[in-house]
Amino acid sequence: MSNEKVEALAKAVALGKADAQKLAQEALSSKVAPEEILKKALIPAMKKVGEGMQEEEYAFPEIQSAVKALQSVLDVLRPAFKGASPSAAIPKWEGSGELYELGGHLVNFLDKGVGFKGYDLVLFFDESIRGLLEQVDIPCHKQSESTHK
Amino acid sequence: MTPKERLAAVDEFREPDVMPVFPRIMAQAVYGKGWMLKDISTQTEINGEKVAEAFLESMRTIGYDWPFGGYMDHGFGVPPLGGTLKIPDKFGISVSIDEPVIKDRSDWPSVQKKLPLDPMKDGRCRGTLESIKIISKDIGDTHPLFAAYYTGITAANILFRKVEALTLDASEDPEFVDELCKAATVWCNDWIRAQYEAGCNSFCYLGDHFGTDLISPKMGERFILPYIADTVAMVKKEFGQKTYLHIHGNFKGPKAYNLLERLVKEAGVAGLHMDEKHDPKWIRENIVEKWHIPAGIIVHGADPIVSGPPEKIDSHVKEAIEAIGQPGLGYFMAPSCQVLPDTPNAHFKAWVDATHKYGKYPLGSWKQA
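Residues numbered from 1 in each chain as written. Chains lettered and ligands numbered in written order. Predicted model: local features only at pLDDT ≥ 70, side-chain atom pairs only at ≥ 80, totals over all residues.

Colleague: So what exactly am I meant to see when it comes to the overall build of chain B here?
Modeller: When its secondary structure is counted, chain B shows 16 helices and 8 strands. Over its C-alpha atoms chain B spans a radius of gyration of 20 Å, differing by no more than 12% from the 21 Å that the globule rule assigns to 369 residues. For chain B, the proportion of contacts with a sequence separation of at least 24, taken over those separated by at least 6, is 76%. (Helix = DSSP H or I, 4+ residues; strand = E, 2+ residues; numbered from the N terminus. Rg over C-alpha atoms; globule rule 2.2 N^0.38 Å. Contact = placed C-beta atoms within 7 Å.)

Written as structure tokens, this is what we have:
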């Protein structure tokens, strides 16, 4: 029974369904451990999203919906992870706007869910981005200027 | 050959004298003149005389084969519908949207009451039409003068809705996005009609910055393909002109490539200008030789043109032209959107000069010169 709930939740998150949070609450009520939800539903769901991108089925709209569903589930799981602070080893890309927020959600998820550390994430700055920073004054910091490396 | 004859030769797969060069659009000509966008645009007006001066001077000093009729940005139609524009103080790519026309989906019924939108009721459109008239009169019939704008979901983004909201709409409420695309394409077509009536004498140049950068090929079939087909048909029927498309995204995957093929074979796109993800060899093998339509090539990456020096630009252009091989018919040189508008005029000039040098036909004949 709990496997079915976890699988349904994974599918709901991967497809960006609005009922993902309800399914997560039901799973918790059925005594499914938060860690199990994270590892058997959310991480496979995000893997599915990645596969969807590789197969040209998913792009920004589908990712947005999936991340929105993921966030709604993380909201109900958050009390279970209270006290676990995000890794200091993840470089933060600072900025404003929903695109940055989306990136922030994904980084936090990778940090918390998969245990990625800073050395897993490589940011490249080529000449054109340097030019962009100089000319357009995009509100972001280079990795080398980040407090975390 | 005049530049107009040169473009016609490319379009008909005949030998031009030299490969023509498509200008860097948007703010480049304005910055090249030493002005900022606030010097030519406000929320409600564009100074057509200044824009025409900048674009004509850009064409002549840099050596482009044609000018754009005006400074085309993402703000047309927005202020009359209640949105506001962000006019950059520094070197932004273009004017962008500050407050969108539709902040929430519930705003749509009230916006619909203001449609269809007459381009002549937007002072920025009137200024641009004035620029087209001045440029058209100046260049006569020797240079092509394209009409240009965006259609489908790109037009819906520009006219109505910020990109993050619109892409979420596409996933959660696609019927709503259908409505926005339809209304925005009606506006696009009217805006293009006005440009032809003001003096544009050549192809229509459509831009699509969603492509596969932002949406999947499946969504592209719904939110891009039918609207491009609609505008292509209108331009052909009412003005007897072809439409070229500049589209963003990686089209090398099978589903994306199928969308591109449908844009050509079903929608009737007559020429393509892909982004920097597609090198000249890919363009040759997958577009020009396969579908027998003209296409733009770009030097790989933006860096050589942005950073120079001219000698490096020269060698990159040489490499790009050599990659298309001989006889090399059906190509024009085109800019990458990653080439920032504030790039020095000298770099653009080096790019154009190198194209005219290494793009002398028959290709390769520069070696004997």
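Colleague: Help me understand the overall build of chain A in this model?
Modeller: Along the backbone of chain A there are 6 helices and 0 strands. Taken from N to C terminus, the helices and strands of chain A fall in the order α-α-α-α-α-α. Looking at chain A as a whole, 25% of its 149 residues qualify as buried. Sequence separation of 24 or more characterises 76% of the internal contacts of chain A that already satisfy a separation of 6 or more. (Buried ≥ 20, exposed ≤ 12 C-beta atoms within 10 Å, placed from the backbone.)

Colleague: How should the pairing of strand S3 (residues 147-150) of chain B be read in this particular structure?
Modeller: On a regular strand, one side chain projects to one face of the sheet and the next to the other, so that they alternate. Residues and elements named next belong to chain B. The side-chain alternation of S3 yields two buried faces, one formed by Ala147 and Tyr149 and the other by Ala148 and Tyr150. Across 4 bridges, S3 lies against strand S4 (residues 204-208) in parallel orientation. Counterpart to tyrosine 150 in the pairing with S4 is glycine 207. (Pairing = 2+ DSSP bridges.)

Colleague: Quick question: what am I supposed to make of helix H3 (residues 34-54) of chain A here?
Modeller: An α-helix turns once every 3.6 residues. As a result, residues three or four positions apart point the same way. Residues and elements named next belong to chain A. If you check H3, its first and last C-alpha atoms are 29 Å apart, about what 21 residues at 1.5 Å a residue would give, namely 30 Å. In H3, a bend of some 25 degrees at leucine 42 exceeds every other bend along the element, and proline 44, a proline, comes one to four places later. Of all the residues in H3, the buried ones are Ile37, Ala41, Leu42, Ala45, Met46 and Val49. Directly beyond the C-terminal end of H3, a positive phi value near 65 degrees is found at glutamate 56. (Expected span 1.5 Å × (residues − 1). Bend = angle between axes of the 7 residues up to and from the residue.)

Colleague: Would you mind going over helix H8 (residues 174-198) of chain B with me for this structure?
Modeller: Taking 1.5 Å per residue as the helical rise, H8 of chain B with its 25 residues ought to reach 36 Å, and the 36 Å between its terminal C-alpha atoms agrees with that figure. The first or second residue beyond H8 of chain B is glycine 199 of chain B, which carries a positive phi of 140 degrees.

Colleague: Honestly, the packing of H3 of chain A against helix H4 (residues 60-77) of chain A in this entry has me stumped. Any pointers?
Modeller: The angle between the axes and the distance between the axes are what describe a pair of packed helices. Residue and element names in this part refer to chain A. Relative to each other, H3 and H4 sit at 175 degrees, their axes nearing to 11 Å. Judged on the interaxial angle alone, H4 and H3 are roughly antiparallel. Contacts between H3 and H4 involve Pro34, Ile37, Leu38, Leu42, Ala45, Val49 and Gly52 from the former and Glu62, Ile63, Ala66, Leu70, Val73 and Leu77 from the latter. For the contact of H3 with H4, the residue count by class is 11 nonpolar, 1 polar and 1 charged. (Axes fitted to C-alpha atoms, helices over the stretch in contact; angles between N-to-C directions. Parallel < 35°, antiparallel > 145°, perpendicular 65-115°, else oblique. Nonpolar A, V, L, I, M, F, W, Y, C, P; charged D, E, K, R; others polar.)

Colleague: What am I meant to see in the environment of cysteine 181 of chain B here?
Modeller: For cysteine 181 of chain B, the position within the fold is in helix H8. Between the alpha carbons of cysteine 181 of chain B and proline 226 of chain B there is a distance of 9.7 Å; along the sequence they are 45 residues apart.

Colleague: How should I be thinking about unusual backbone geometry in this particular structure?
Modeller: A negative phi angle characterises most non-glycine residues, just as the trans form characterises most peptide bonds. With an omega of -5 degrees, the peptide bond running from leucine 115 of chain B to proline 116 of chain B counts as cis. Among the structural elements, proline 116 of chain B can be located in the loop between helix H4 (108-112) and helix H5 (123-139). Cis geometry is found at the peptide bond from tyrosine 361 of chain B to proline 362 of chain B, where omega equals -5 degrees. Along the chain, proline 362 of chain B falls in the segment after helix H16 (345-358). Positive phi, close to 70 degrees, is recorded for lysine 31 of chain A, a residue that is not glycine. Position of lysine 31 of chain A among the secondary structure elements: in the loop between helix H2 (20-29) and H3. Phi at phenylalanine 13 of chain B is positive, roughly 60 degrees, even though this residue is not glycine. Along the chain, phenylalanine 13 of chain B turns up in the loop between helix H1 (3-11) and helix H2 (28-32). A tally of 14 C-beta atoms within 10 Å means that phenylalanine 13 of chain B is categorised as partly exposed.

Colleague: Is there a simple way to explain the environment of glutamine 338 of chain B in this structure?
Modeller: All names here are of chain B. Tracing the backbone through its elements, the reader meets glutamine 338 in the loop between strand S8 (331-333) and H16. By the C-beta count within 10 Å, which is 19 here, glutamine 338 ends up partly exposed. For the pair glutamine 338 and valine 306, spaced 32 residues apart in sequence, the C-alpha to C-alpha distance is 8.7 Å.

Colleague: Sorry if this is basic, but what is going on with the confidence of the model for chain B here?
Modeller: The predicted coordinates of low-pLDDT regions are not to be read in fine detail. Model confidence for chain B is summarised by a mean pLDDT of 94, while 99% of its residues fall at 70 or above. The ipTM for the predicted assembly is 0.87, set against a pTM of 0.88. (pLDDT = per-residue confidence, 0-100.)

Colleague: Help me understand the environment of glutamate 49 of chain B in this model?
Modeller: Residue and element names in this part refer to chain B. Take glutamate 49: it is sitting in helix H3 (residues 48-62). Sequence separation of glutamate 49 and glycine 127 is 78 residues, and the distance between their C-alpha atoms is 8.0 Å. Once you skip the residues sitting within four places of it in the chain, glutamate 49 turns out to touch Glu130 and Ile134.

Colleague: Any chance you could explain the nonpolar core here in plain terms?
Modeller: Nonpolar side chains in soluble globular proteins tend to end up buried together. By size, the foremost hydrophobic cluster in this structure holds 150 residues, and its most contacted members are Leu9 and Val13 of chain A together with Ala156 and Ala184 of chain B. No other element matches the 11 residues that H8 of chain B contributes to this core. Filtering out sequence-adjacent residues up to four positions away, alanine 184 of chain B remains in contact with Ala155, Ala156, Leu159 and Phe160 of chain B. (Core = buried A, V, L, I, M, F, W, Y, C linked by C-beta atoms within 7 Å.)

Colleague: I keep staring at the confidence of the model for chain A and nothing clicks. Help me out?
Modeller: All names here are of chain A. Overall, the predicted model of chain A reaches an average pLDDT of 70, with 54% of residues at or above 70. Taken element by element, the predicted model of chain A shows its lowest mean pLDDT in helix H6 (residues 127-136) (43) and its highest in H2 (95). Note on residues 92-99: pLDDT is under 50 here. Beyond four places in sequence and across chains, it has 12 contacts. Below pLDDT 50 for its whole length, residues 116-149 participates in 53 contacts with residues either more than four positions away or in separate chains.

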